[in-house]
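# Secondary and tertiary structure notes
The residues making up each chain are set out below.
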Amino acid sequence: MFKKLGFFLFAMGVSASYAIAGGGEPECYAQCDDDLVQCMTDHPTAPGACTKIHRMCTKSCDPYLP
């Protein structure tokens with residue numbers, strides 16, 4: 001229970017930092033964060049895979065990143 005709450009707060013902090021940094025559309029980053037939370041809920045034993053997918057998603061949100 002506490003791990004899920006902690007992860008949710010972490011995900012909220014990540015989304016806030018992306019919103020402040022700018023770059024892409026905020027809706028895109030919000031969708032990536034929602035997907036991350038859903039992945040962690042569905043697969044709690046695979047946090048590494050979920051974070052990798054989240055990184056790839058957020059990278060695709062910013063058209064200026066290589």
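Residues numbered from 1 in each chain as written. Predicted model: local features only at pLDDT ≥ 70, side-chain atom pairs only at ≥ 80, totals over all residues. Heavy atoms only, no water.

### Some words on the overall build of the chain
Counting secondary structure elements, the chain contains three helices and zero strands. Order of helices (α) and strands (β) in the chain, N terminus to C terminus: α-α-α. For the chain, the proportion of its 66 residues judged to be buried stands at 24%. Here the contacts in the chain between residues at least 6 apart in sequence split such that 56% fall between residues at least 24 apart. Counting only carbon and sulfur atoms, one obtains 67% of the accessible surface of the chain, whose full area is about 4,900 Å². (Helix = DSSP H or I, 4+ residues; strand = E, 2+ residues; numbered from the N terminus. Buried < 20%, exposed > 50% of the residue type's maximum accessible area, 1.4 Å probe, protein only. Contact = heavy atoms within 4.5 Å. Areas by Shrake-Rupley, 256 points an atom, 1.4 Å probe, with all protein chains shown as cover.)

### Some points on the state of the cysteines
Tallied over the full model, the rule gives three disulfides. With a sulfur-sulfur separation of 1.9 Å, Cys28 is cross-linked through a disulfide to Cys61. Taking the sign of the S-S torsion, -80 degrees for the link of Cys28 and Cys61, the bridge is left-handed. Pair noted here: Cys28 is in helix H2 (residues 26–42) and Cys61 is in helix H3 (residues 47–61), with a separation of 33 residues, a long-range link. (Disulfide = S-S within 2.5 Å.)

### Overview of the confidence of the model for the chain
Across the chain, the average pLDDT comes to 78, with 61% of residues at 70 or higher. Ranking the elements of the chain by mean pLDDT puts helix H1 (residues 2–21) last with 61 and H2 first with 91. (pLDDT = per-residue confidence, 0-100.)

### A word on H3
Quick reminder: α-helices carry 3.6 residues per turn. Residues three or four places apart thus point the same way. In this model H3 runs 21 Å from its N-terminal to its C-terminal C-alpha over 15 residues, within 8% of the 21 Å that 1.5 Å per residue would give. Among all positions in H3, only Cys50, His54, Thr58 and Cys61 are buried. The buried residues of H3 occupy an angular sector of 65 degrees when the element is viewed end-on, so they sit on one face. The exposed residues of H3 that point more than 90 degrees off its buried face are Lys52, Ile53, Arg55, Met56 and Ser60. (Expected span 1.5 Å × (residues − 1). Arc of directions from axis to C-beta.)

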